[in-house]
Amino acid sequence: FVAEWIFRLKSDRAQYIYRILMVWPAIVPGLVTLLLWQFIYDPYYGLLNAILKWVGLDEWATKAWLADPDLALYALMGTAFPFVGGIGVLIYLAGLQSIPVDIYDAAKLDGASGFRQFLTIDLPLIKGQIRLNLVLSIIAGLQALPGPLVLTGGGPVNATMVPGLYMYQQAFSYGRLGYASAIGVVIFIAVLILTILNMTLFKDD
């Protein structure tokens, strides 16, 4: 939706500025971002609890976001805010910009609204980009390591233990290299199966 919004901007200059803003976070090292989120989630001095107190939600402001087994995984997911990957947006935007202008002109002559164009033109013609981003998301999700490692270490009570972190701990914390290699093979097979399913579901007509 962000890519679609940028694509629909009338000003080329505005499109250029927003493309830069999408890539800008990639310049910042991931560890810096994670440490910033660690401060935001701090139960005593964190920005999140301070904001909750400011708006009158004191009962929520007492939460130890990364130490509560019921909340830790959701807090970890929140570090992806605003849930827009800059590279993913640019991939979708490139797909939208490759659609011939003549198609949109014909749709406008037929009276198709912007939402109708999105459903009948944009989505079908960027299947390749959707497929690519889904594959990249599957791989990133199963191999996720920095976030859980830095923020929670897989805790509390293994609430945020993801496959990539589990493999890392088995290899480098416990020295079980063979077991870690087996986990890596299982992750590879899972990625392969999910990728094949993705390619099948989003195959070109």
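Predicted, not measured: the structure shown is a model, and the values here were computed from it.

A. Quick look at the packing of aromatic side chains. Summed over all chains, the structure comprises 9 aromatic pairs. Between Trp5 and Tyr18, the aromatic rings sit 4.7 Å apart at their centres with planes inclined by 70°, giving edge-to-face as the arrangement. Of this pair, Trp5 sits in helix H1 (residues 2–8) while Tyr18 sits in helix H2 (residues 12–27), and the two are 13 residues apart along the sequence. Judged by centre distance (5.9 Å) and plane angle (45°), the ring pair of Phe7 and Tyr104 falls under tilted. Here Phe7 is found in helix H1, whereas its partner Tyr104 is found in helix H8 (residues 101–109), with 97 residues between them in sequence. Overall, the relative accessible area of 18% leaves Phe7 in the buried class. Three or more aromatic residues joined by ring pairs form one cluster here, namely Phe1, Phe115 and Phe118.

B. Structural context of a nonpolar patch on the surface. On the surface, Leu36, Phe39, Tyr44, Tyr45, Leu47, Ile51, Trp54, Val55, Leu57 and Trp60 cluster together into a nonpolar patch covering about 1,200 Å² of accessible area. Sorting the residues of the nonpolar patch by element identifies helix H3 (30–40) and helix H4 (47–54) as the ones contributing at least two each. Sort the elements by how many residues they give to the nonpolar patch and H4 lands first, with 3 residues.

C. Examining the pattern of salt bridges more closely. Using the criterion set out here, one finds 2 salt bridges in the structure. A salt bridge links Arg8 to Asp122; the nearest nitrogen and oxygen atoms lie 3.0 Å apart. Of the two residues, Arg8 is situated in helix H1 and Asp122 in helix H9 (residues 114–125); the sequence distance between them amounts to 114 residues. Classification of Asp122 by relative accessible area gives buried; the value is 0%. Among the charged side chains, a network of salt bridges with common partners joins Glu4, Arg8 and Asp122.

Rules used throughout
Residues numbered from 1 in each chain as written. Predicted model: local features only at pLDDT ≥ 70, side-chain atom pairs only at ≥ 80, totals over all residues. Heavy atoms only, no water. Phe/Tyr/Trp six-rings, centres within 6.5 Å; stacked < 30°, edge-to-face > 60°. Helix = DSSP H or I, 4+ residues; strand = E, 2+ residues; numbered from the N terminus. Buried < 20%, exposed > 50% of the residue type's maximum accessible area, 1.4 Å probe, protein only. Patch = residues over 30% accessible without salt bridge, like charges linked within 9 Å, V, L, I, M, F, W, Y side chains within 5 Å. Areas by Shrake-Rupley, 256 points an atom, 1.4 Å probe, with all protein chains shown as cover. Salt bridge = Lys/Arg side-chain N within 4 Å of Asp/Glu carboxyl O.

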